Amino acid sequence: MTKPVIGFIGLGLMGGNMVECLQKNGFKLIVMDLNKDAVATVLERGDASEASSAKELAEACDIVMLALTTSAVVEKVVYGDDGILAGIKEGAVLIDFGTSIPASTRKIGADLAKKGAGMIDAPLGRTPAHAKDGLLNIMAAGDKETFDKVKPVIDVLGENVFYLGELGAGHTTKLINNFMGMTTVCAMSQAFAVATRAGVDRQQLFDIMSSGPSSSPFMQFCKNYAVDGVSDLGFSIANANKDLGYFVKMVEDLDTRALIAEGTSTNLQAAVDAGMGAGNVPEIFDYFLKLEE
């Protein structure tokens, strides 16, 4: 595709910065979001317009990109009466940059294929700041011919683009990645909380643990909050809770269980229920510190 028309639905922190990156690289955008201020910001940059429905957007675009919050929202946008599936053109490609349930992704891909359209799942790593500069990590999967068709555009957004195979592999990999990361943060945050209850100095605990193989960027994020009071891992407890729930569901779909993930998911859900969902994940330290038997 040479300079395809791109539709983008979801102008949150990540999606909004991705759109800015695409605009800086000369792409024409058609956008949708419930936040009209975010839409206005895109339109003010020029060579962009707003669609009144996902169907209208899909009818006008060669590539439709999604940066949405949940699989349920993605399915609503795809399958609604005025949804993407009702309007997408033959030969067009849907790219889901969010974190979704792989089984849902594969279902959507099969339904798009019936209309002659393709799909790539391409969840993201790194931060909104990286998105603005086209420096994301992108875990892409889907039909190889479809991937190759849209890769020049994906390359604009990502510094590291990984092709992972058949549709759903991107979302599977992202959920595994987030299971590992968020379980690590929860475990380290609880370690600091237990140390506090036991009268062990948290800074000394960090000094000891970080001098061995447990040392990691995640440990540093946890120390920054538990020891220094700085909350600088920009990923919320609510988002972590959603992703761990998706991971548990994915594992169930594979006819097995992941007890470690279930434990992490239980703790994250409890923190959300305690009103802590908007906080960054290392702030679960406060939940563990107050936890009674």
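Everything below is about the structure shown above.
Residues numbered from 1 in each chain as written. Predicted model: local features only at pLDDT ≥ 70, side-chain atom pairs only at ≥ 80, totals over all residues. Heavy atoms only, no water.

A.B. asks: An account of the packing of helix α10 (residues 202–209) against helix α11 (residues 217–226) is needed here, citing residue identities and associated values.
C.D. replies: Axis separation between α10 and α11 bottoms out at 10 Å; the angle between their running directions is 170°. On the basis of the axis angle, α10 is roughly antiparallel to α11. Of the residues in α11, those touching α10 at R202, Q203, F206 and M209 are M219, Q220, K223 and A226. Here the residues of the contact of α10 with α11 sort into 4 nonpolar, 2 polar and 2 charged. (Axes fitted to C-alpha atoms, helices over the stretch in contact; angles between N-to-C directions. Helix = DSSP H or I, 4+ residues; strand = E, 2+ residues; numbered from the N terminus. Parallel < 35°, antiparallel > 145°, perpendicular 65-115°, else oblique. Contact = heavy atoms within 4.5 Å. Nonpolar A, V, L, I, M, F, W, Y, C, P; charged D, E, K, R; others polar.)

A.B. asks: Outline the pattern of salt bridges, listing residues and values.
C.D. replies: One pass over the full model with this rule turns up 13 salt bridges. Between K151 and D155 there is a salt bridge, with its nearest N and O atoms 2.9 Å apart. Of this pair, K151 and D155 both sit in helix α8 (residues 144–157), 4 residues apart, roughly one helical turn. The class for D155 is partly exposed, based on a relative accessible area of 32%. One connected set of salt bridges, linked through shared partners, spans E20, R45 and K132. (Salt bridge = Lys/Arg side-chain N within 4 Å of Asp/Glu carboxyl O. Buried < 20%, exposed > 50% of the residue type's maximum accessible area, 1.4 Å probe, protein only.)

A.B. asks: Now, about the packing of aromatic side chains: what can you tell me, with residues and values included?
C.D. replies: Summed over the entire model, instances satisfying the criterion amount to 4 aromatic pairs. Here the aromatic rings of F179 and F247 are separated by 4.4 Å at their centres, their planes lie at 10°, and the arrangement is stacked. Separated by 68 residues along the polypeptide, F179 in helix α9 (residues 169–198) and F247 in helix α12 (residues 237–253) bring together distant segments of the chain. The same class applies to F179 as to F247, namely buried. Positioned above the aromatic ring of F27, the side-chain terminus of K3 is 4.1 Å from the ring centre. (Phe/Tyr/Trp six-rings, centres within 6.5 Å; stacked < 30°, edge-to-face > 60°. Lys NZ or Arg CZ within 6 Å of the ring centre and 35° of its normal.)

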